[in-house]
Amino acid sequence: MRAKSLSILSYYLLIGLLLFFILIPIYWLIMPSFLPASEMFTFPPRFFPRTFTLQNYSDVLFTYPATVTIEMPRYLWNSFLVCGVVSVIVMVVSTFAGYALARMISPIKKSLRTVVLFTQMMPAVLFFIPIYLLMRRLGLVNNLLSLIFIYPGMVAPFSTLISEAYLLGIPEEIEESAMLDGAGVGTILGRIVLPLSAPMLIAVLVYSFVWTWNDLVIALVLCHANEVRTASVGLFSFIGAATVEWGGLLAGTVFCILPPLILFTFFQRYMIQGILAGGLKT
Amino acid sequence: MLHYRKKVLFLLFPLLFFLILTFLYPILYQVNLSFRDYTLYTVNPQFVGLRNYVAVLGDPIFFTALKNALIWTILSVVFQIVLGFFTALLLNASSRKGYKVFRNLSLLPFVLPPVAIAVTWKWLYNPLYGLLNYFVILLGGEPINFLSRQLALYSVTAVNVWKAFPFYALFILAGLQSIPQEIGEAARIDGAGSWALLRYITFPLLRPLLLVLALFATVWTFNYFDLVYSLTQGGPGQATEILATLAYKNVFVRLRFDYAATIGMFMFFINLGLVMLIRSVSVRGET
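Model, not experiment: these values are computed from the prediction. (Residues numbered from 1 in each chain as written. Chains lettered and ligands numbered in written order. Predicted model: local features only at pLDDT ≥ 70, side-chain atom pairs only at ≥ 80, totals over all residues.)

1. Observations concerning the overall build of chain B
Argument step 1. Tallying secondary structure elements over chain B gives 14 helices and two strands in all.
Argument step 2. Dimensions of chain B, computed from C-alpha atoms along their principal axes, come out at roughly 75 × 75 × 30 Å.
Argument step 3. Residue burial in chain B is summarised as follows: out of 287 residues, 41% are buried.
Argument step 4. Sequence separation of at least 24 residues holds for 72% of the intrachain contacts in chain B that already meet a minimum separation of 6. (Helix = DSSP H or I, 4+ residues; strand = E, 2+ residues; numbered from the N terminus. Buried ≥ 20, exposed ≤ 12 C-beta atoms within 10 Å, placed from the backbone. Contact = placed C-beta atoms within 7 Å.)

2. Topic: the interface of chain B and chain A
Argument step 1. Taken residue by residue, the interface counts 68 residues in chain B and 71 residues in chain A.
Argument step 2. Here the side of chain B that touches chain A is built from residues that sort into 52 nonpolar, 12 polar and four charged. (Nonpolar A, V, L, I, M, F, W, Y, C, P; charged D, E, K, R; others polar.)

3. Considerations on the domain arrangement of chain A
By convention, interface size is frequently given as the accessible area that disappears when the constituent parts associate.
All names here are of chain A.
Argument step 1. Per the domain assignment, the segments of chain A are domain 1 (2-53) and domain 2 (60-280).
Argument step 2. With six residues of domain 1 in contact, the opposing surface of domain 2 contributes seven residues.
Argument step 3. Counted by class, the side of domain 1 that touches domain 2 contains five nonpolar, one polar and no charged residues. (Domains from an automatic or database assignment.)

4. As for unusual backbone geometry
Argument step 1. For Asn142 of chain A, which is not glycine, the phi dihedral falls at a positive 60 degrees.
Argument step 2. By C-beta crowding, Asn142 of chain A is classed as partly exposed, having 16 other C-beta atoms within 10 Å.
Argument step 3. Phi at Gln233 of chain B is positive, roughly 50 degrees, even though this residue is not glycine.
Argument step 4. Secondary-structure assignment places Gln233 of chain B in the loop between helix H12 (226-232) and helix H13 (243-252).

5. Details of the confidence of the model for chain B
Argument step 1. Mean pLDDT over chain B stands at 86; residues scoring 70 or higher make up 96%.
Argument step 2. Under the prediction, the complex receives an ipTM of 0.88, its pTM being 0.89. (pLDDT = per-residue confidence, 0-100.)

6. What about helix H7 (residues 144-167) of chain A?
Argument step 1. The terminal C-alpha atoms of H7 of chain A lie 32 Å apart, and with 24 residues this matches the ideal 34 Å at 1.5 Å per residue to within 8%.
Argument step 2. Across the 24 residues that make up H7 of chain A, a large majority, 21, are buried. (Expected span 1.5 Å × (residues − 1).)

7. Concerning the environment of Ala116 of chain B
Argument step 1. Following the sequence through the fold, Ala116 of chain B ends up in helix H7 (residues 114-125).
Argument step 2. Note: C-alpha distance between Ala116 of chain B and Leu16 of chain B (100 residues apart in sequence) is 33 Å.
Argument step 3. If we skip the residues at most four places from it in the chain, Ala116 of chain B touches Leu235, Thr253, Cys256 and Ile257 of chain A.

8. A look at the nonpolar core
In summary, soluble globular proteins display a tendency toward joint burial of nonpolar side chains.
Argument step 1. One finds Ile162 of chain A together with Tyr168 of chain B to be the most contacted residues of the largest nonpolar core, which totals 162 residues.
Argument step 2. Residues lining this core come from more than one domain, with at least three contributed by each of domain 1 (2-53) and domain 2 (60-280) of chain A.
Argument step 3. The contacts of Tyr168 of chain B, once residues within four sequence positions are left out, are Gln80, Ile81, Gly84, Leu213 and Ala217 of chain B. (Core = buried A, V, L, I, M, F, W, Y, C linked by C-beta atoms within 7 Å.)

What follows is the structure, encoded as structure tokens:
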């Protein structure tokens, strides 16, 4: 009995140690962002701060936009706009397609799933040059619309797999009686399927919002001008700016991680279930 | 009923529209572009046959980037899967509660923006006041420049491993939990120890899943631009240049759209090979 409780203890110790290594870098990002410059560079470093300041945050929000034209509030707003619109589009597209895949007869379904999987495995990073040239021809480079056109196609394949996996779990019998009453596809989707799909919709929303928020390469290619930068591109241009202090950079980074952090903290159950369900099927 | 199943088909149209916009059109256009002479100033791109392919294959930087990309991919995937496997074994042995706490916290690095991760690690790797060098000095070493020419590729890889191994651990854990407990119990009654159990039962049963995960990880890592570019921009020199960053620079620094497209084509072929490998392995896993 004693040996057993000892081994349980060592399990928890090992898991705790692993978690410590996973989380310490994030702590080391957030904690110093609340320190004044004089304390950030003390050696040996202090693990628990004695002072606290919001100076770095007010630098990012108010000083930098006026002095060094690094406008974090604007970048964050751009990202919110793009991610919001893209997430809504992706929710519609992948619910439709996921439902179609879940209810379809098998031969076409198999080849369609292969196409979806194929696009999932061939990231559009491979094709950013044609995408850039296309958007240039359309006059959409440095226009947030270009991102709104491109992101859904990159996010939707996988989120379609998430919604298909979920919708397969809704028994068809519920829909059949409505069909006999003469209900069309739209009615069945809107009245029967959607009200049952809240967990799936949340999973798709969180997945597409976080994916879009985190992307760098496409946003860097299509929207690099100051007024259309997303949070990631804005933060990236921050890294190279010689006039910026580490304090401001860390505070800007904290702003940038907040939306995924909050979404993930509240909705991770749905997201993990969705990803595992969509991923394990592949 | 059959009629309804046919009507459902039109629900696929929005997805197809976006897939054509982001995949089909770009693939076809890129193939075309790789056979033409096309820079920023070209009005009418001329067909030049295989000239771009010859030029790219004659460029030593291409092979440096290919070698870096292979090192970065192989090291990342091996460490992600191996660490993920052992983490999953550890979690499988602990209680539900321990698993939940771990799951809730360990995926954080995976869902944060790569650029933010890059800032965090630049700060940790900082040669003057980074936390890592504090530990190095504490252990009696000389401060290390983690992002120097010799070390940068490995330092960037380490960040990638740190970021993603818990994600693979959760997938492998799901696989472990799908193994019926009776098998392990029967083996134990026959006198199998922990190591024998792992070696002869757990590992063989998990091998198909591990293979598929490893191949997916390979594709994702090979094409992963964001983390490398925001940490080092491919530098110092060409120390962390991978094919994705090289293609990007050919567009925006050298303004050679045709070379960039050709590099993209090489990446496409490498990806295609990997995807075929995934298909054949996962088909074999099913039967």
